[in-house]
Amino acid sequence: MRLISILITVFLAACGGGGSSAPEETPTPTPAPTTQNCNVFVTKGPYPQIWPTLEWNTASLESQGMCPDEVQSVIDYAFLEGNDTGAIIVIRNGYIVIEEYDSGKTENDLATSWSVGKSFASALMGVALEEGLVSSLDETTGQYFPEWAGTERENITIRNLMTLRTGLEADCSGPGGNNIYFALDQVACALNRELIGPIGEKLYSYSNSDVMLAGEIMEITSGMKLDEYLDQKLGSIMNADYQWWEDAFGNSLGYCCIDATPRDFGRFGLLFARNGEWDGQQLIPQSWIELSTSLALNGEYGYYWWPINGHDGFVALGLHGQSIAVIPEDNLVIMRFGNYSRLGDGSTVRVGTNGHSTSQPLSFDTTSFINRAVSYTHLRAHETEADLVCRLLLEK
């Protein structure tokens, strides 16, 4: 026991404490917030960059430079009673480091995107531009929509559709004044909007109809349904299965409604965390990644991505708290999906009683969740293992 005491004394002296000389006078310390240090050794990196194959690799938080001390509070917040959360996943450096499901749910159960699907449409527009299917964002849309020929609306550009600057009414109405989701022919609904201001002026902050038309342009130019185009250009390469809904007229719902497992949604997030690259293949041009997220990184919604307040990243958001947040500089993807039921006959055709069922969370805020996940699980302590042992001994 005496030998142990001597060793601890020597070790504390090496740590900067336990010596006999009088310490320098310092101000009364302020207790550090819990996010300053970690009670386990956190690997500092560099970290290997891996890619999921058919299966994902999992890893501990600390092995990927993240502190696990308060991770339970992230999980508890997401799954508070009444939030109806189905799944949360956090991915760092290509590893799943947090993965939790509601009772009765597994990694094989489908989630739905709602408007997270808009960010998928944005990604495909970047691919279409790279392939030359669309020559420029500044192409006018009249060539695609004969209904607009001979009217001022034919001068609306693709860029206008992607940046909320069409000058049109923000959205059309389906039967009985309901939104576009309830229209039988949702392309016709989106086209049937009147100009209410100058083209190029931002008159509204959000639109489903604009994205519906952007998706229609991609279907016309590619000769494929969005579901097929997504599978060919991204899904099949990333080993992901995405099911994109369509309306009663066979029009893909470009503004929403992709069903996939949360893990497969994570592949899309990782693709953007890696600047459009997937295991050596540039699936989305880096120039498009930079352009399409530029407004979000500067605090503004555009090109169908949202800003993350307080963080250098961007987030795809959907109704009822669906989200894929991406912080590229940290190789970090944070996701939350609600419990989802596919209604009707089980098909992905939005007609009759076929549709989506999710619930509004009672006490969940996406920004708060992202902030909690980053502050509680992101790398917070730049300690060596010896530093950690020193600090824990000094705290006793």
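Residues numbered from 1 in each chain as written. Predicted model: local features only at pLDDT ≥ 70, side-chain atom pairs only at ≥ 80, totals over all residues. Heavy atoms only, no water.

S.K.: Any details on the pairing of strand 12 (residues 332–338)? Residues and values, ideally.
M.R.: Buried residues dominate strand 12, accounting for seven of its seven residues. By the alternation rule, side chains of strand 12 split into L332, I334, R336 and G338 and V333, M335 and F337, which are all buried. Taken together, the seven bridges between strand 1 (residues 85–92) and strand 12 define a ladder with antiparallel strand orientation. The residue bridging A87 from the neighbouring strand is F337, located in strand 12. Bridge count between strand 11 (residues 322–327) and strand 12: five bridges; the pairing is antiparallel. Across the sheet, I327 pairs through a bridge with L332, a residue of strand 12. In this antiparallel pair of consecutive strands, strand 11 and strand 12, the connection spans four residues, and N331 shows a positive phi of 50°. (Buried < 20%, exposed > 50% of the residue type's maximum accessible area, 1.4 Å probe, protein only. Helix = DSSP H or I, 4+ residues; strand = E, 2+ residues; numbered from the N terminus. Pairing = 2+ DSSP bridges.)

S.K.: How would you summarise the sheet that holds strand 11 if you had to cite specific residues and measurements?
M.R.: In a beta sheet, neighbouring strands are held together by backbone hydrogen bonds and run either parallel or antiparallel to one another. Taken in spatial order, the six strands line up as 2-1-12-11-10-9 in an open sheet, and their pairing is antiparallel. The strands lining the two open edges of the sheet, one partner per strand, are strand 2 (95–101) and strand 9 (306–307). With six bridges connecting them, strand 1 and strand 2 associate as antiparallel partners. If you follow A87 over to strand 2, its bridge partner there is Y101.

S.K.: Go over the packing of aromatic side chains, please, and point to the residues and values.
M.R.: As enumerated under the stated definition, the model contains 20 aromatic pairs in all. Considering the side-chain rings of Y206 and Y301, the 5.8 Å spacing of their centres and the 40° angle between planes classify their relative orientation as tilted. Taken together, the positions of Y206 in the loop between helix 5 (186–191) and helix 6 (208–222) and Y301 in the loop between helix 9 (286–297) and strand 9 put the pair 95 residues apart, joining distant regions of the chain. A ring pair is formed by F272 and F314, whose centres lie 6.3 Å apart and whose planes are at 75°; its orientation type is edge-to-face. Here the residue F272 occupies a position in helix 8 (residues 262–273), and F314 occupies one in strand 10 (residues 314–318), the gap between them amounting to 42 residues. Judged by relative accessible area, F314 falls into the buried class, the value being 2%. In this structure an aromatic cluster arises from ring pairing among F120, Y242, F265, F268, F272, W305, F314 and F337. The ring centre of W51 lies 4.4 Å from the NZ or CZ of R274, which sits over that ring. If you follow R372 out to its NZ or CZ, it ends over the ring of Y77, 4.2 Å from the centre. (Phe/Tyr/Trp six-rings, centres within 6.5 Å; stacked < 30°, edge-to-face > 60°. Lys NZ or Arg CZ within 6 Å of the ring centre and 35° of its normal.)

S.K.: Would you mind going over the nonpolar core in detail, with residue names and values included?
M.R.: Counting 82 residues, the largest nonpolar core has F120, M125, Y242, F265, F272, I284 and I324 as the members making the most contacts within it. Take this core: its biggest share by element is seven residues, from helix 3 (residues 117–131). Judged by nonpolar contacts, the second largest core, of 24 residues, contains I88, V90, Y95 and F364. (Core = buried A, V, L, I, M, F, W, Y, C linked by side-chain atoms within 4.5 Å.)

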